[in-house]
Amino acid sequence: MAERVLEIRGLEVTFRRGEERIRAVAGVDLTLAAGEALALIGESGSGKSVTLRQVLRLDPERTTEVAGSVRVGGEEVGRLDRRGLRRLRGGRVGMVFQEPLLALDPVYTVGQQIVEAIRAHEPVSRAEARARALELFRLVHVPSPDRRLDAYPHELSGGLRQRAMIALALACRPQLLLADEPTTALDATVQIQVLLLLRELQERLGLAILFVTHDIGAAVEIADRIAVIYAGRIVEEGPVRAVIRSPLHPYTRGLLASRTEGALVKGRRIAAIPGSPPDLARPPPGCAFAPRCSLAVEACRRSVPRLEPFAPGHAVRCLRAPEWAASAA
Amino acid sequence: MLRYTFNRVLYALPIMLGVSLVCFLLVHIAPGDPLVSVLPPDATEALRRQMAELYGFDRSLPEQFLRWLARAATGDLGTSIATARPVAAEVARAVGNTVTLAAFATLIGFTLGAIFGFVAGYFRDSPLDRLASALAVLGVSVPHYWLGMVLVIIFSAQLGWLPATGAGPGGSTEWVWDWEHFRHLILPAVTMSVIPMGIVARTLRALVAEILSQEFVMGLRARGLSEFAVFRHVVKNAAPTALAVMGLQLGYLLGGSILIETVFSWPGTGFLLNAAIFQRDLPLLQGTILVLALFFVVLNLLVDVVQTALDPRIRRA
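Residues numbered from 1 in each chain as written. Chains lettered and ligands numbered in written order. Predicted model: local features only at pLDDT ≥ 70, side-chain atom pairs only at ≥ 80, totals over all residues. Heavy atoms only, no water.

1. Considering the overall build of chain A
Reasoning step 1: From N to C terminus, chain A includes 13 helices and 12 strands.
Reasoning step 2: The C-alpha radius of gyration computed for chain A amounts to 21 Å, which stays within 12% of the reference 20 Å derived for 329 residues, consistent with globular compactness.
Reasoning step 3: Referenced to the eigenvectors of the C-alpha coordinate spread, the extents of chain A come out at roughly 65 × 50 × 40 Å.
Reasoning step 4: Here chain A holds 329 residues, and the buried ones make up 55% of them.
Reasoning step 5: In chain A, 64% of the contacts between residues at least 6 apart in sequence involve partners at least 24 apart.
Reasoning step 6: A total accessible area of about 14,900 Å² is found for chain A, and carbon and sulfur atoms account for 52% of it. (Helix = DSSP H or I, 4+ residues; strand = E, 2+ residues; numbered from the N terminus. Rg over C-alpha atoms; globule rule 2.2 N^0.38 Å. Buried < 20%, exposed > 50% of the residue type's maximum accessible area, 1.4 Å probe, protein only. Contact = heavy atoms within 4.5 Å. Areas by Shrake-Rupley, 256 points an atom, 1.4 Å probe, with all protein chains shown as cover.)

In structure tokens form, the structure reads like this:
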């Protein structure tokens, strides 16, 4: 196996909101090799973005309890001091946000922000940093890059803004790119372009990408592997083809069935998963999906199933999966 | 930007014209005969008419307005009825004193307000925030004439450290840069600074907290910027709104405070206005109000231009 860029072991994240304790992430294990793209799929509140933010320890430390281990290039993120953390953020790890209009400072030009990010990490002159920013804009295919560097975020179109955001994340040549739903806020045609760009960058720069999304179509487009997260736990993980063609977890199957692609037949409703995700302040004792699952049995509600390997590289957290897969075959 | 500034100045001209008309009408619509205070109670009708003619009160209102406006445009605001001195000179001296007072009050108020506001916004819901917020609320709520009197009681009457009234030793009304005059300035300036301090602090607290909760701040941290660099971004984001509020406050302070200037017998515009009203000194009243109103127009103009220069979203819109 290639060098491990990211290794997450038993990550648990709990937010304190007054008296309430919300367990957003309840034990997540993820490994990402150099140059690999992993899509973390889940719905709102499943803990996918929280997991992503913990790679850079971005949640306010006062109200966040973190257990488990997050290692970037073998270095434990939880043990880094302020300076180490600053070097990690934007240095070895770049991050792209969902809505670039909100994630870029509105009163600085995108060029100024890239120059600032470069100079925060490397002792280069303003002119040098600017030249590199220009290079980055060419890399992410921004047309007339020189002029666009002097634009404020609100002056760019959605697609260009996201390209600028990606350029910014890549400013210090990171090995790992964290992408938090980078295409969700974009028009459908622009989404494809940004996905293609990410794919291209991954190949050209040997970038590892952790891609968080709720859009399976986007995940298929870019990822080598898919991990499905539900109520703070990975419920299924495997190579893209295996997960899409033979999903094992009932939740994954529900997600695939509720896709709109090819399913928009006139007069037919889109298959939705009944019920809603559990309250993370009071999670059920057993499998978190059991209350919504048609296959659930008594044992499912008693204790949380383990993530068991099923096929090479394909693991599932479901008691009924082996049985079900056998009957389907 | 130059074009915008030019346009903005151009728009200010009709506003100024309107302002002067309102000033004129307000003063003339108000009841009371301006000549009562200068004429003896048993004055003859002939004398009365002569005086009215001298001041131009016998003409029609539109004519009076146009003549007043034409002279005001050349800097001549007429003659005070009560003191028989040129209004322009009286107003100029009062404005000078008020500006001195306002400048010091602004300096104190904005500095403290900015510090309290940033601290409270950054450390929201901490004991530090509660202390800063409490001081800010106190600043806005305490009646400042009362605070002025309390300060006088403590620092002048009890401790005897600072003079209670006046703008300088021996009833001097001209501002001079020396310690004696400065001592007279301290109490009224501190009293006056309390309200802008509170308002600036409260505005900045809300503003800073709002900016810090925006996603781009996490974006800045995700790029590995230092907390100081993040702070710089917060300041630049807060600047346009903060400046607008400060400009408005500065405007209020420059307008002079009748209450504070009366409590401390500070010979500024508020004091002058007070005197003019009580003596029904129409030319003086009119001139003072006009100058103050024009002050506001010019100040708003400046704030708009500076704000536009600072905020790219307004600038290119």
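2. Brief notes about the overall build of chain B
Reasoning step 1: Counting its regular elements, chain B contains 13 helices and zero strands.
Reasoning step 2: In chain B, the succession of helices and strands from N to C terminus is α-α-α-α-α-α-α-α-α-α-α-α-α.
Reasoning step 3: Along the first, second and third principal axes, the C-alpha atoms of chain B reach 85 × 55 × 35 Å.
Reasoning step 4: Among the 317 residues that make up chain B, the fraction classed as buried is 44%.
Reasoning step 5: A total of about 15,900 Å² of accessible surface is found on chain B, and carbon and sulfur atoms cover 69% of it.
Reasoning step 6: For chain B, the separation between the mean place of its 22 positive charges and that of its 20 negative charges on side chains is 10 Å. (Lys, Arg positive; Asp, Glu negative; His and termini not counted. Charge placed at Lys NZ, Arg CZ, Asp CG, Glu CD.)

3. Re a nonpolar patch on the surface
Reasoning step 1: Among the surface-exposed residues, B:Leu21, B:Leu25, B:Ile29 and B:Leu61 lie close enough to one another that they form a single nonpolar patch of about 340 Å² accessible area.
Reasoning step 2: The greatest single-element share of the nonpolar patch, amounting to three residues, is contributed by helix 1 (residues 2–29) of chain B. (Patch = residues over 30% accessible without salt bridge, like charges linked within 9 Å, V, L, I, M, F, W, Y side chains within 5 Å. Salt bridge = Lys/Arg side-chain N within 4 Å of Asp/Glu carboxyl O.)

4. Comments concerning the sheet that holds strand 2 (residues 20–33) of chain A
All names here are of chain A.
Reasoning step 1: Spatially, the four strands line up as an open sheet ordered 2-1-4-5, and their pairing is antiparallel. Taken across any chain shown, the strands that pair with only one partner, and hence form the sheet edges, are strand 2 and strand 5 (75–76).
Reasoning step 2: As judged from the 11 bridges shared by strand 1 (residues 4–17) and strand 2, these two strands associate in the antiparallel manner. Looking at strand 2, one finds that arginine 16 is bridged to arginine 21. (Pairing = 2+ DSSP bridges.)

5. Considering the interface of chain A and chain B
Reasoning step 1: Facing the 30 residues of chain A at the interface are 22 residues of chain B.
Reasoning step 2: In total, chain A and chain B occlude about 2,300 Å² of area from one another, counting both sides; carbon and sulfur atoms represent 57% of this.
Reasoning step 3: Run the count over chain A and chain B and you get one salt bridge.
Reasoning step 4: A salt bridge links A:Glu116 to B:Arg232; its shortest N-O distance comes to 3.6 Å.
Reasoning step 5: Across the contact surface, chain A and chain B share nine residue pairs in polar contact (both at pLDDT 80 or more).
Reasoning step 6: Elements with a contribution of two residues or more to the side of chain A that touches chain B: helix 2 (82–88), strand 6 (93–96), helix 3 (100–103) and helix 4 (110–121) of chain A. (Buried area = accessible area lost by both parts, 1.4 Å probe. Polar contact = N/O pair within 3.5 Å; in protein donor to acceptor, adjacent residues only side chain to side chain.)

6. Considerations on the layout of surface pockets
Reasoning step 1: By volume, the largest pocket is sized at about 1,500 Å³.
Reasoning step 2: Residue lining of the largest pocket: 44 residues in total, with A:Leu58, A:Asp59, A:Pro60, A:Glu61 and B:Arg221 positioned closest to the centre.
Reasoning step 3: For the lining of the largest pocket, the class distribution of residues is 15 nonpolar, 11 polar and 18 charged. (1 Å grid on protein atoms, 1.4 Å probe; cavity = no way out; pocket = protein on both sides within 12 Å on 5 of 7 lines; lining within 4 Å. Points joined across faces, edges and corners; volume = space filled by probe spheres on them. Nonpolar A, V, L, I, M, F, W, Y, C, P; charged D, E, K, R; others polar.)

7. Quick word on the confidence of the model for chain B
Regions with low pLDDT carry predicted coordinates that are not meant to be interpreted in detail.
Reasoning step 1: Averaged over all residues, the pLDDT of chain B equals 83, while 95% of them reach at least 70.
Reasoning step 2: Ranking the elements of chain B by mean pLDDT puts helix 13 (residues 312–315) of chain B last, at 70, and helix 8 (residues 215–222) of chain B first, at 90. (pLDDT = per-residue confidence, 0-100.)

8. A look at the sheet that holds strand 6 of chain A
All names here are of chain A.
Reasoning step 1: Pairing in this open sheet of eight strands is mixed, and the strands run 6-7-8-3-9-10-12-11 from one edge to the other. The strands lining the two open edges of the sheet, one partner per strand, are strand 6 and strand 11 (308–311). Ignoring strand direction, the axes of neighbouring strands in this sheet form an average angle of 20°.
Reasoning step 2: For strand 6 and strand 7 (residues 176–180), the ladder comprises four bridges, and the chain directions are parallel. The partner of glycine 94 across the bridge, within strand 7, is leucine 177.
Reasoning step 3: Sitting on the sheet, helix 7 (residues 158–169) is in contact with strand 6 and strand 7, with an inclination near 165° to strand 6. (Axes fitted to C-alpha atoms, helices over the stretch in contact; angles between N-to-C directions.)

9. What to know about empty space enclosed by the protein
Reasoning step 1: Tallied over the full model, the rule gives five cavities of 30 Å³ or more.
Reasoning step 2: In this model, the largest cavity occupies a volume close to 80 Å³.
Reasoning step 3: Lining the largest cavity are 13 residues, with A:Met95, A:Leu168, A:Ala169, B:Ala222 and B:Arg223 sitting closest to its centre.
Reasoning step 4: Of all the secondary structure elements, the ones that give two or more residues to the lining of the largest cavity are strand 6 and helix 7 of chain A together with helix 8 of chain B.
Reasoning step 5: The residue makeup of the lining of the largest cavity, split by class, is nine nonpolar, three polar and one charged.

10. Observations concerning unusual backbone geometry
Residues and elements named next belong to chain A.
Reasoning step 1: Here alanine 231, not a glycine, exhibits a phi torsion of approximately 50°, which is positive.
Reasoning step 2: Along the chain, alanine 231 falls in the loop between strand 9 (225–230) and strand 10 (233–239).
Reasoning step 3: A residue is classified by how much of its surface remains accessible, and alanine 231, at 12% relative accessible area, is buried.

11. Here's the deal with the pattern of salt bridges
All names here are of chain A.
Reasoning step 1: Inspection of the entire model under this criterion finds 31 salt bridges over all chains.
Reasoning step 2: As a salt-bridge pair, arginine 9 and aspartate 29 come within 3.8 Å of each other at their nearest N and O atoms. Pair noted here: arginine 9 is in strand 1 and aspartate 29 is in strand 2, with a separation of 20 residues, a long-range link.
Reasoning step 3: Looking at aspartate 29, the relative accessible area reads 32%, which means it is partly exposed.
Reasoning step 4: Taking the shortest distance from any N to any O, the salt bridge between aspartate 150 and arginine 130 comes out at 3.0 Å. Here aspartate 150, found in the loop between helix 6 (145–149) and helix 7, pairs with arginine 130, found in helix 5 (residues 126–139); they are 20 residues apart in sequence, far enough to count as distant.
Reasoning step 5: Classification of aspartate 150 by relative accessible area gives partly exposed; the value is 39%.
Reasoning step 6: According to the relative accessible area criterion, arginine 130 is partly exposed, its value standing at 29%.

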